[in-house]
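Residue-level structure breakdown
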Amino acid sequence: VQLQASGGGLVQPGGSLRLSCAASGTIFTINDMGWYRQAPGKQRELVARISSGGRTNYADSVKGRFTISRDNAKNTVYLQMNSLKLEDTAVYSCNTFPPMKINGMAYWGKGTQVTVSS
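These notes cover the structure that comes with them. (Residues numbered from 1 in each chain as written. Predicted model: local features only at pLDDT ≥ 70, side-chain atom pairs only at ≥ 80, totals over all residues. Heavy atoms only, no water.)

Let's talk about the sheet that holds strand S6 (residues 56-58)
With mixed pairing, 6 strands are arranged side by side in an open sheet as S2-S12-S9-S4-S5-S6. Edge positions in the sheet fall to strand S2 (9-11) and S6, since each has one partner strand and no second. For this sheet, the mean inter-axis angle between neighbouring strands, taken without regard to orientation, is 25 degrees. Of the strand pairs in this sheet, S2 and strand S12 (residues 112-116) are connected by 3 bridges, and their pairing is parallel. Across the sheet, residue Leu10 finds its bridge partner in S12, namely Thr115. (Pairing = 2+ DSSP bridges. Helix = DSSP H or I, 4+ residues; strand = E, 2+ residues; numbered from the N terminus. Axes fitted to C-alpha atoms, helices over the stretch in contact; angles between N-to-C directions.)

The following block contains the structure:
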C-alpha cells in the first residue's frame, strides 16, 4: 500500500503550492480520493475529495482557493492551493475517502508539511 504525499513547503500568505500524492494502483482506481490536513493541536480534517469519475467536493474553508484533481493513468492525485492563508498551515496527507483501514486501524501514509508564514 502506497500513499506518498509531496510538494509541501514554506510559502507566504497569498502564495500557491501544488501537492501531489502517488497511490497504489489497487487502491486508487476504484476509490474516491481525498486530501486531508492536520494542524498542530487539531483533529485531521478532509479538505477536498474527488470521485473516481472526477466529481469534486471541498471544505468551506478552502472552497474557491483549492482545486483537487487526479490522473488515473499515473495513480496520482493533486491539490492546487492558491491564496494560501496562515490557517492553512498543516501536514497534508492523501487517502481514500473514507480513509482506508488495515486490520481495523486507519492507515495513513507519509504526509507533507505546508507552512504559510510571512
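Regarding the environment of Lys74
Of note, Lys74 is situated in the loop between strand S7 (66-71) and strand S8 (76-81). Along the sequence, Lys74 and Ala22 sit 52 residues apart, while their C-alpha atoms lie 7.8 Å from each other.

Quick look at the sheet that holds S7
Strands sit in the order S1-S3-S8-S7 across an open sheet of 4 strands; the sheet is antiparallel. Both outer strands of the open sheet, strand S1 (3-6) and S7, are each paired with one neighbouring strand and no more. Neighbour-to-neighbour, the strand axes of the sheet open up by a mean angle of 15 degrees, direction not taken into account. Looking at chain direction, S7 and S8 are connected through 6 bridges and run antiparallel. Within S8, the position partnered with Ser69 by the bridge is Tyr78.

Here's the deal with the packing of aromatic side chains
Applying the stated criterion across every chain, the model contains 1 aromatic pair. An angle of 85 degrees between the planes, with centres 4.9 Å apart, marks the rings of Tyr36 and Trp108 as edge-to-face. You can see Tyr36 sitting in strand S4 (residues 32-38) and its partner Trp108 sitting in the loop between strand S11 (105-106) and S12, a full 72 residues away along the chain. Above the plane of the ring of Trp108 lies Arg44, whose end atom (NZ or CZ) is 3.7 Å from the centre. (Phe/Tyr/Trp six-rings, centres within 6.5 Å; stacked < 30°, edge-to-face > 60°. Lys NZ or Arg CZ within 6 Å of the ring centre and 35° of its normal.)

A look at the nonpolar core
Membership of the largest hydrophobic core comes to 28 residues, with the highest contact counts inside it found for Trp35, Val77, Leu79, Met81 and Tyr92. Broken down by secondary-structure element, the contributors of at least two residues to this core are S1, strand S3 (17-23), S4, strand S5 (45-50), S7, S8, strand S9 (90-97) and S12. Here this core gets 4 residues from one element, more than from any other, and that element is S3. For Leu79, the contacting residues outside a window of four places in its chain are Leu17, Arg18, Leu19, Trp35, Val47, Ala48, Phe66, Thr67, Ile68 and Tyr92. (Core = buried A, V, L, I, M, F, W, Y, C linked by side-chain atoms within 4.5 Å. Buried < 20%, exposed > 50% of the residue type's maximum accessible area, 1.4 Å probe, protein only. Contact = heavy atoms within 4.5 Å.)

A few points about the pairing of S5
One ladder, built from 5 bridges, connects S4 with S5; its direction is antiparallel. Pairing of Gly34 across the sheet is with Arg49, part of S5. Counting the residues in the hairpin turn of S4 and S5 gives 6 residues, including Gly41, whose phi is positive at 80 degrees. Pairing geometry for S5 and S6, over 3 bridges, is antiparallel. Note that in S6 the partner of Ala48 across the bridge is Tyr58. Between S5 and the antiparallel strand that follows it, S6, lie 5 residues; Gly54 among them carries a positive phi value of about 100 degrees.

Read these as spatial facts, not as claims about activity.
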